[in-house]
Amino acid sequence: MIFNQVIGQQEAKERLLQLVEEQRLPHALMLCGPMGSGKMALAMAFAAYLLGDRRQETGDRRQETGGRRQEAMLAKWEHPDLHFTYPTIKLPSMSAEHKPVSDDFAREWHELIMGGPYFTMNEWLQMMGGENQQAIITAGESDALTRKLSLKSSQGGYKVSLIWLPERMNIECANKILKLLEEPPQQTIFLLVCEEPERLLETIRSRVQRLDIKRIADEDIREALISRRGLTEENAQRVARMANGSWLKALEMLSTDSENELFLDMFQTLMRLAYKRNVKELKGWSERLATLGREKQKRFLNYFLHLIRENFMHNFQNPELCYMSEREEEFANNFARFINEANIIPISELANKAIRDIGQNANAKIVFFDMALQMIVLLIQK
């Protein structure tokens, strides 16, 4: 994994390399940014760089270190001094006392990252076989990581702990990781890849150096779509604009079985039933949504927020302000007038409250039925 494989983000690449060259590399870095911006790709490339894969060309910088053995290990992501930490689930086969750890899913994780550094939580859940569960990082993981990092570097250089989505640590794990950050093992670098830093303990945030990763420039996505996916100039331009800075979103739009198609159907159904005040069918709608699993439910609610915003902007009759697919735009042509200054804020607050409740394991049927009933009232506000 080399920096040149990361899409865009030249400024962030240069910043990371500068920290090393100026010998100002902190013991803990947290890369924060929206999903699809390439945080994980940057972290993995930087980890490979620190562990010896410095035969990479990055702008005018070229460095030659490390042997072929190091390169081979890094090419397969099997370097003994690189430790991945990631959210996991509890399988039915695990005992009641067992706290799931990353090593339980090492084979699945290796298969996932060998497919590339751009992936979603949904893909990871599918790989683990737990689409209907909420993945977390347990206290067992912090114990395992402490044991690993207490050992000396096998190659005589850095040890790198790369933590994907640390905001998913439970409180017991977070407190133990905090202790590691306060007293880091010798020659250890922590790389945290975070999407919701506000969910982390303040004490953890204060002990890491934060690097904010911006959305990928549309031009970088367009070029990548042409060179990596073989799109025509016109199609690449349209997809790049719709992706809104997310390479994952761009890939999703190229998929024929996009999850968003299902979510759009559910959004349309909700709005039509709410407009008709069909309480009986709305109850059925909420029950169907409750069967999807909590992670998928949260993805639907985020999609819901996206469409509410786009329908509101559609009313301004300025295409440059809207980011919708053709099918979404067709629906918006008739529906957008129902989203206005009087109801967009309460509708958004309603969806955010539902996201919070689902995340706290509230009864999904009740959450979505309540949301559906409130939409009846909100849609008639003008």
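Residues numbered from 1 in each chain as written. Predicted model: local features only at pLDDT ≥ 70, side-chain atom pairs only at ≥ 80, totals over all residues. Heavy atoms only, no water.

Draft legend 1. Region of the structure containing the sheet that holds strand β7 (residues 209-212). Sheet architecture is open: five strands sit in the order β4-β5-β6-β1-β7, paired in parallel fashion. If you trace the sheet from one side to the other, it starts and ends with β4 (82-85) and β7, each paired once. In this sheet, neighbouring strand axes are inclined to one another by 20° on average, regardless of whether the strands run parallel or antiparallel. Bridge count between β4 and strand β5 (residues 159-164): four bridges; the pairing is parallel. Along β5, the bridge assignment pairs F84 with L162. Helix α1 (residues 10-21) rests against β1 (28-32) and β7 of the sheet, and its axis sits at about 155° to β7. (Pairing = 2+ DSSP bridges. Helix = DSSP H or I, 4+ residues; strand = E, 2+ residues; numbered from the N terminus. Axes fitted to C-alpha atoms, helices over the stretch in contact; angles between N-to-C directions. Contact = heavy atoms within 4.5 Å.)

Draft legend 2. Representation of unusual backbone geometry. The phi angle at W77 is positive, at roughly 55°, despite the residue not being glycine. In this structure, Q317 is a non-glycine residue whose phi angle is positive, near 55°. Take Q317: it is sitting in the loop between α14 (294-314) and α15 (326-335).

Draft legend 3. Seen up close, the packing of helix α10 (residues 233-243) against helix α11 (residues 247-254). In contact at an axis separation of 8 Å, α10 and α11 are set at 125° when each is read in the N-to-C sense. Our classification of the angle between α10 and α11 gives oblique. Between α10 and α11 the crossing geometry is right-handed. The segment α10 lies against α11, with V239, M242 and A243 engaging K249, A250, M253 and L254. Considered class by class, the residues forming the contact of α10 with α11 number six nonpolar, no polar and one charged. (Parallel < 35°, antiparallel > 145°, perpendicular 65-115°, else oblique. Left-handed = near helix turned anticlockwise from the far one by under 90°. Nonpolar A, V, L, I, M, F, W, Y, C, P; charged D, E, K, R; others polar.)

Purely geometric stuff here, so don't read any function into it on its own.
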